[in-house]
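Each chain, letter by letter, is given below.
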Amino acid sequence: QVQLSESGGGLVQAGGSLSLSCAASGRDLRTNGMGWFRQAPGKEREFVAAISWPGRPTYYADSVKGRFTISRDNEKNTVYLQMNSLKSEDTAVYYCAASESLVGGPSLTSYHYWGQGTQVTVSS
């Protein structure tokens, strides 16, 4: 059974940075498309970034383009999300997701496995 475990969330001031990690276990996901999504209180879950196998192409939501970077370490079965220049509107629970295809892309329905999420809070 696939398990995704996110870490790295926390509280940061606006303009600061955080780095999220997503470690996969239970199955080798090195050839799977991976993505990050987020959900703020009262809002629907939305796409943040995605990365294909073996590492490109990558996709970003317009709201995070130029500030966030997604990457993967296939040897460690881990995906990362580096978040810089954080804004208060980035506050949300961030979820890691894995697709059964090589390219997950920006569509939520393309993903089959989800982590439990990690809270990111940006104070203004």
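Structural notes, computed from the coordinates. (Residues numbered from 1 in each chain as written. Predicted model: local features only at pLDDT ≥ 70, side-chain atom pairs only at ≥ 80, totals over all residues. Heavy atoms only, no water.)

### Describing the side chain of S52
Put simply, the rule reads: Helix and strand labels come from DSSP, where a helix needs a run of H or I of at least four residues and a strand needs a run of E of at least two; each type is numbered from the N terminus. The definition of a polar contact used here is a pair of N or O atoms within 3.5 Å, where within protein one atom must be able to donate a hydrogen and the other to accept one, and adjacent residues in sequence count solely through side-chain atom pairs. Throughout, a residue-residue contact means that at least one pair of heavy atoms, one from each residue, lies within 4.5 Å.
Secondary-structure assignment places S52 in the loop between β5 (46-51) and β6 (58-60). Looking at S52, its side chain comes within polar contact range of the main-chain oxygen of P57, at 3.1 Å. Contact partners of S52, with chain neighbours within four places excluded, come to G33, P57, Y59, R72, L102 and V103.

### Re the state of the cysteines
Definition in use: Cysteine sulfurs are considered disulfide-paired once they come within 2.5 Å of each other. Classification of residues uses two cut-offs on accessible area relative to the type maximum, computed with a 1.4 Å probe and protein chains only: under 20% is buried, over 50% is exposed, and between them is partly exposed.
All chains considered together, the criterion is met by one disulfide. A sulfur-sulfur separation of 2.0 Å characterises the disulfide bridge that pairs C22 with C96. Taking the sign of the torsion about the S-S bond as the criterion, the disulfide between C22 and C96, at about -75°, is left-handed. Of this pair, C22 sits in strand β3 (residues 18-25) while C96 is found in strand β9 (residues 92-99), placing the two residues 74 residues apart along the sequence. Across this residue pair, the class does not change: C22 and C96 are buried.

### With respect to the environment of P57
In this fold, P57 is placed in the loop between β5 and β6. For the pair P57 and V103, spaced 46 residues apart in sequence, the C-alpha separation works out to 8.1 Å. What P57 contacts, discounting residues up to four positions off in sequence, is A50, I51 and S52.

### Structural notes on unusual backbone geometry
The amide bond that connects W53 to the next residue, P54, takes the cis arrangement and shows omega of 5°. The residue after R56, namely P57, is reached through a cis peptide bond having omega 10°. The phi angle at N77 is positive, at roughly 55°, despite the residue not being glycine. Within the secondary structure layout, N77 lies in the loop between β7 (68-73) and β8 (78-83). With a phi close to 50°, S85 is a non-glycine residue in the positive phi region. Inspection of the secondary structure assignment puts S85 in the loop between β8 and β9.

### Regarding a nonpolar patch on the surface
Filter applied, for reference: Excluding any residue in a salt bridge, patches collect residues exceeding 30% relative accessible area, merging like charges within 9 Å and nonpolar Val, Leu, Ile, Met, Phe, Trp and Tyr side chains within 5 Å. Accessibility throughout is a Shrake-Rupley quantity obtained with a 1.4 Å probe, and a residue counts as covered only by protein chains that appear here. Only one rule defines a salt bridge in this text: a Lys or Arg side-chain nitrogen within 4 Å of an Asp or Glu carboxyl oxygen.
Among the surface-exposed residues, W53, L102 and V103 lie close enough to one another that they form a single nonpolar patch of about 260 Å² accessible area. Summarising the element assignment, W53 is placed in the loop between β5 and β6.

### Examining the environment of K76
Along the chain, K76 turns up in the loop between β7 and β8. Residue classification places K76 among the exposed positions, given a relative accessible area of 57%. Through-space distance from the C-alpha of K76 to that of A92 is 26 Å; in sequence the pair is 16 residues apart.

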